[in-house]
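The lines below spell out each chain.
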Amino acid sequence: MIAAAEALERLRDGNRRFAADVSTHAGTGFRTRRLETAPNQEPFAVILGCADSRVPAEIVFDQGLGDLFVIRVAGNIVAPSQIGSVEFAAERTGARLVVVLGHSRCGAILATLEELARPSKEQSRGLRSIVERVRPAIEPILLSQITPTDDALIRRAVRANVTASVGHLRHGSEILERLIQTDGLVIVGAEYCLETGVVEFFDGI
Ligand SMILES: [Zn+2]
């Protein structure tokens, strides 16, 4: 089992390689690792990230097959199925670090800000379920005179949403609470920058 602190260092190192464009896991050469990991998985970290096509966790942290247990959903929200996935990963695979990974200019955050500014009845039930999960984190920081395209507001909203998801994971599951208190599980929040490729860890570090 790899301790949370070491897992975090691996992620930081991998992200530095990615941001510097010297990734080691790109391309081919997966066969050996595929055979190694086929019998069972031992990922060293769990990533709950956004489904955005520009933020694939394995690539931005420069990791390979079997290294990360990745859950992706628009807006990196925490609904019961995300809690269950993290519980499964922490209990069954031994991963001791969980990262909630938001990112700049997240479409789910923008959609929620737009909805708060101009409520619409045309949203599908599915999309509404995501907006409703993001809304409580963002509502307190939304000032009425700011438009949903204000950059500073969007940045604050992205981080508030990550912090809310971290809180839901820390306190929304007896299993995870127990693992945090007695078994070295650590849940942290981070934001990925689309332009620079850099992940900044900012919650729980
Ligand atoms: Zn997103």
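Right, let's walk through the structure included here.

1. Thoughts on the state of the cysteines
Moving on, step 1. Summed over the entire model, instances satisfying the criterion amount to zero disulfides.
Moving on, step 2. Between C193, a free cysteine, and C106, which holds the nearest cysteine sulfur, the sulfur-to-sulfur gap is 13 Å.
Moving on, step 3. Judged by its relative accessible area of 23%, C193 falls in the partly exposed class.

2. Section: the coordination of the zinc ion
Moving on, step 1. The zinc ion binds to the protein through C50 (SG), H103 (NE2) and C106 (SG), with metal-donor distances spanning 2.0 to 2.3 Å.
Moving on, step 2. Sequence positions of the donors to the zinc ion reduce to the motif C-x52-H-x2-C. Taken as a pair, C50 in the loop between β1 (45–49) and α3 (57–60) and H103 in strand β3 (residues 97–103) lie far apart in primary sequence, 53 residues in all.
Moving on, step 3. Note on C50: relative accessible area 5%, which makes it buried.
Moving on, step 4. The buried category is assigned to H103, whose relative accessible area is 0%.

3. Points about the pairing of β1
Regular strands place side chains that alternate from one sheet face to the opposite one.
Moving on, step 1. Burial analysis of β1 places five of its five residues in the buried class, which makes it a mostly covered element.
Moving on, step 2. Residues of β1 alternate between two faces, with A45, I47 and G49 on one and V46 and L48 on the opposite face, all of them buried.
Moving on, step 3. Relative to strand β2 (residues 68–72), β1 runs parallel, the two sharing five bridges. The partner of V46 across the bridge, within β2, is F69.
Moving on, step 4. Both β1 and β3 contribute to a ladder of four bridges, which runs parallel. Looking at the pairing, I47 lines up with V99 of β3.

4. Structural notes on the environment of D13
Moving on, step 1. Topologically, D13 is positioned in helix α1 (residues 4–19).
Moving on, step 2. When the C-alpha atoms of D13 and D62 are compared, they prove to be 8.5 Å apart, with 49 residues separating the residues in sequence.
Moving on, step 3. Side chain to side chain, D13 and R16 meet in a polar contact 2.7 Å long.

5. Thoughts on the packing of aromatic side chains
Moving on, step 1. Throughout the structure, instances matching the rule amount to three aromatic pairs.
Moving on, step 2. Seen from their ring centres, F18 and Y192 are 6.4 Å apart, and the 40° between their planes marks the pair as tilted. Taken as a pair, F18 in helix α1 and Y192 in strand β4 (residues 186–192) lie far apart in primary sequence, 174 residues in all.
Moving on, step 3. Of the residues examined, F18 reaches a relative accessible area of 22% and is grouped as partly exposed.
Moving on, step 4. Between the aromatic rings of F69 and F88, the centroid separation amounts to 6.0 Å while the plane-to-plane angle is 40°, which identifies the pairing as tilted. A residue pair is termed long-range when its members are at least 10 positions apart, and F69 in strand β2 and F88 in helix α4 (residues 80–93) qualify at 19 residues.
Moving on, step 5. Overall, the relative accessible area of 16% leaves F69 in the buried class.
Moving on, step 6. The ring of F44 has R10 sitting right over it, with the charged end atom 4.9 Å from the ring centre.
Moving on, step 7. In this structure, R159 is placed above the aromatic ring of F202, and the distance from its NZ or CZ to the ring centre is 4.3 Å.

6. What to know about the pattern of salt bridges
Moving on, step 1. Summed over all chains, the structure comprises 16 salt bridges.
Moving on, step 2. R16 is paired through a salt bridge with D13; the nearest N and O atoms lie 2.7 Å apart. With a gap of three residues between them, R16 and D13 both fall in helix α1, about one helical turn apart.
Moving on, step 3. E36 is paired through a salt bridge with R33; the nearest N and O atoms lie 3.0 Å apart. In this pair, E36 and R33 are both assigned in helix α2 (residues 31–37), three residues apart and thus about one turn of the helix distant.
Moving on, step 4. It is possible to trace a salt-bridge network through shared partners that takes in R33, E36 and D67.

7. Here we look at the packing of helix α5 (residues 107–117) against helix α7 (residues 151–171)
Moving on, step 1. Axis separation between α5 and α7 bottoms out at 10 Å; the angle between their running directions is 110°. Taken together, the axis directions place α5 and α7 in an arrangement best described as roughly perpendicular. As α5 packs across α7, the resulting crossing turns out to be right-handed. Listed contacts from α7 to I109, L110 and L113 of α5 are L153, I154, A157, V158 and N161.

What counts and how
- Residues numbered from 1 in each chain as written.
- Predicted model: local features only at pLDDT ≥ 70, side-chain atom pairs only at ≥ 80, totals over all residues.
- Heavy atoms only, no water.
- Disulfide = S-S within 2.5 Å.
- Buried < 20%, exposed > 50% of the residue type's maximum accessible area, 1.4 Å probe, protein only.
- Donors = N, O, S within 2.8 Å, 3.2 Å for Na, K, Ca; no water.
- Helix = DSSP H or I, 4+ residues; strand = E, 2+ residues; numbered from the N terminus.
- Pairing = 2+ DSSP bridges.
- Polar contact = N/O pair within 3.5 Å; in protein donor to acceptor, adjacent residues only side chain to side chain.
- Phe/Tyr/Trp six-rings, centres within 6.5 Å; stacked < 30°, edge-to-face > 60°.
- Lys NZ or Arg CZ within 6 Å of the ring centre and 35° of its normal.
- Salt bridge = Lys/Arg side-chain N within 4 Å of Asp/Glu carboxyl O.
- Axes fitted to C-alpha atoms, helices over the stretch in contact; angles between N-to-C directions.
- Parallel < 35°, antiparallel > 145°, perpendicular 65-115°, else oblique.
- Left-handed = near helix turned anticlockwise from the far one by under 90°.
- Contact = heavy atoms within 4.5 Å.

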